[in-house]
Amino acid sequence: MNWLINDTSYALFLLVDFIAVLTLVATMRWFSRIVVRPVSQHSEASNIETACAVIALMLALTGITSGEFNLTLFNEWALVSAYGLLAIALLRLGGIIQDKLILPTLNLNSATQNGNITAAYLTGGHLIGTAIVIRASMEWSSHNVNLGFIALFLGFILSQLLLALEIRLRLIWTSGKLLKSIKDSNRSAIIKAALQHIGAALAISTSAHFASNLDTQWPLAVLAWFVSSIVFLLLYLALAELCVRLILPKDEAYEGGRGILEGAIYLGWGFILPAIAS
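Bear in mind the structure is a predicted one, so any value in this text is a computation, not a measurement.

Undergrad: What am I meant to see in the overall build of the protein here?
TA: Of the regular secondary structure elements, the protein holds 12 helices and zero strands. Ordered by position from N to C terminus, the α and β elements of the protein give α-α-α-α-α-α-α-α-α-α-α-α. Here the protein holds 278 residues, and 49% of them are scored as buried. For the protein, long-range pairs separated by at least 24 residues make up 77% of all intrachain contacts whose partners lie at least 6 apart in sequence. Of the roughly 13,700 Å² of accessible surface on the protein, 67% is carried by carbon and sulfur atoms.

Undergrad: I tried to follow the environment of Ala78 on my own but got confused; where do I start?
TA: Here Ala78 is to be found in helix H4 (residues 73–102). Spatially, the C-alpha atom of Ala78 lies 9.9 Å from that of Asp17, the residues being 61 residues apart in sequence.

Undergrad: Sorry, what's going on with the packing of H4 against helix H6 (residues 117–137) here?
TA: Two quantities define a packed helix pair, namely the angle between the helix axes and the distance between the axes. Look at H4 against H6: their axes get within 9 Å of each other, and the N-to-C directions meet at 130 degrees. Taken together, the axes of H4 and H6 lie oblique to each other. Between H4 and H6 lies a crossing whose hand is right-handed. Where H4 abuts H6, its residues Leu90, Leu91, Arg92, Gly94, Gly95, Gln98 and Ile102 lie against Leu122, Thr123, His126, Leu127, Thr130, Ala131 and Ile134.

Undergrad: Hey, could you run me through the pattern of salt bridges in this one?
TA: As a working rule, side chains carrying opposite charge can pair if their charged atoms are close by. This structure, assessed with the given rule, holds four salt bridges. A salt bridge links Glu241 to Arg245, with the shortest nitrogen-to-oxygen separation between them at 3.2 Å. With Glu241 and Arg245 both in helix H11 (residues 218–247) and four residues apart, this pair spans about one turn of that helix. One connected set of salt bridges, linked through shared partners, spans Lys192, Arg258 and Glu262.

Undergrad: Honestly, H6 in this entry has me stumped. Any pointers?
TA: In a regular helix each residue adds 1.5 Å, so 21 residues correspond to 30 Å; H6 covers 30 Å between its end C-alpha atoms and thus fits that length. Burial analysis of H6 places 19 of its 21 residues in the buried class, which makes it a mostly covered element.

Undergrad: Even after reading the chapter, I still don't get the nonpolar core, so can you show me in this structure?
TA: Side chains that are nonpolar tend, in soluble globular proteins, to be buried together. Ranked by internal contacts, the top residues of the largest apolar core, which has 74 residues, are Leu57, Leu91, Leu103, Ile134 and Tyr236. For Ile134, the contacting residues outside a window of four places in its chain are Ala60, Leu90, Leu91, Leu152, Gly155 and Phe156.

Undergrad: In this structure, what is going on with the side chain of Thr112? I would like to understand it.
TA: In this structure, Thr112 sits in helix H5 (residues 108–113). Accessibility expressed as a relative area gives 0% for Thr112, which makes it buried.

Undergrad: Got a minute to help me understand the packing of helix H3 (residues 44–65) against H6 in this structure?
TA: Put simply, H3 and H6 touch, their axes get as near as 8 Å, and they point 5 degrees apart. Comparing their axes, H6 and H3 come out roughly parallel. In contact with Glu44, Ala45, Ile48, Glu49, Cys52, Ala53, Ile55, Ala56, Leu59, Ala60, Thr62 and Gly63 of H3, H6 contributes Ile117, Ala120, Tyr121, Thr123, Gly124, Leu127, Ile128, Ala131, Ile132, Ile134 and Arg135. Its residues placed into classes, the contact of H3 with H6 shows 16 nonpolar, four polar and three charged.

Undergrad: What exactly am I supposed to notice about a nonpolar patch on the surface here?
TA: On the surface, Ile157, Leu161, Leu220, Leu223, Phe226, Val227 and Val231 cluster together into a nonpolar patch covering about 610 Å² of accessible area. Of all the secondary-structure elements, those providing two or more residues to the nonpolar patch are helix H7 (148–173) and H11. With five residues, the top contributor of residues to the nonpolar patch is H11. Of note, Phe226 is situated in helix H11. Judged by its relative accessible area of 32%, Phe226 is partly exposed.

Rules of the game
- Residues numbered from 1 in each chain as written.
- Predicted model: local features only at pLDDT ≥ 70, side-chain atom pairs only at ≥ 80, totals over all residues.
- Heavy atoms only, no water.
- Helix = DSSP H or I, 4+ residues; strand = E, 2+ residues; numbered from the N terminus.
- Buried < 20%, exposed > 50% of the residue type's maximum accessible area, 1.4 Å probe, protein only.
- Contact = heavy atoms within 4.5 Å.
- Areas by Shrake-Rupley, 256 points an atom, 1.4 Å probe, with all protein chains shown as cover.
- Axes fitted to C-alpha atoms, helices over the stretch in contact; angles between N-to-C directions.
- Parallel < 35°, antiparallel > 145°, perpendicular 65-115°, else oblique.
- Left-handed = near helix turned anticlockwise from the far one by under 90°.
- Salt bridge = Lys/Arg side-chain N within 4 Å of Asp/Glu carboxyl O.
- Expected span 1.5 Å × (residues − 1).
- Core = buried A, V, L, I, M, F, W, Y, C linked by side-chain atoms within 4.5 Å.
- Nonpolar A, V, L, I, M, F, W, Y, C, P; charged D, E, K, R; others polar.
- Patch = residues over 30% accessible without salt bridge, like charges linked within 9 Å, V, L, I, M, F, W, Y side chains within 5 Å.

If you want it as structure tokens, here you go:
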């Protein structure tokens, strides 16, 4: 904080960032309420998805609010606001892609509108997972501002491809039990799925470290990022599943809340892999 003591004018930049973030969070909140129009006025499912959307946005914003300030107050506000508005659009688009393309038979948005809490958890997990990968995408372009928006779009595309792959692998692995859990409102199983999804995003974000050294050669960086992301995703799924099988005995398969415990193990590996890789 020596920079703030030496030049108190930086406090104005902090104030600008605070105002921009506050405005963006309010925008995401109200926009999410429009996207998910609850049947009842006080819908828990709608509030859960909106809360996850707000968390996702703030995660994405850490990629632009960290680092050096811009040259002027207006440029700082414009940059944070532009990134934030684009992040809002991409995050909500990610929710639509999951609803219409990845899991089209479930109609998650409609289920959330009608108060299905499990659908809200699954969509919320996807929003947070998308934000984690978008945030990581800014790392390898941090030395070149001109690549910032390109990195944001590439991070979004990568997140949707790999998170879709993670869901598809899980559907194959569980023989479609995930779909049944949503329809039956099995909260424990869906919280597990959401935690697995977030853990997968954390594992995928690890690969941004390898691409960051190639930020001046972005086509090569994208290729390195994509290939290493698949490797880390498969490694994450294998290690987490192995850990679950070793720690949790099979005779406890019907233990109450077991799904949440399994999800916590998956999420834990999502945190560990980036630490090991770095």
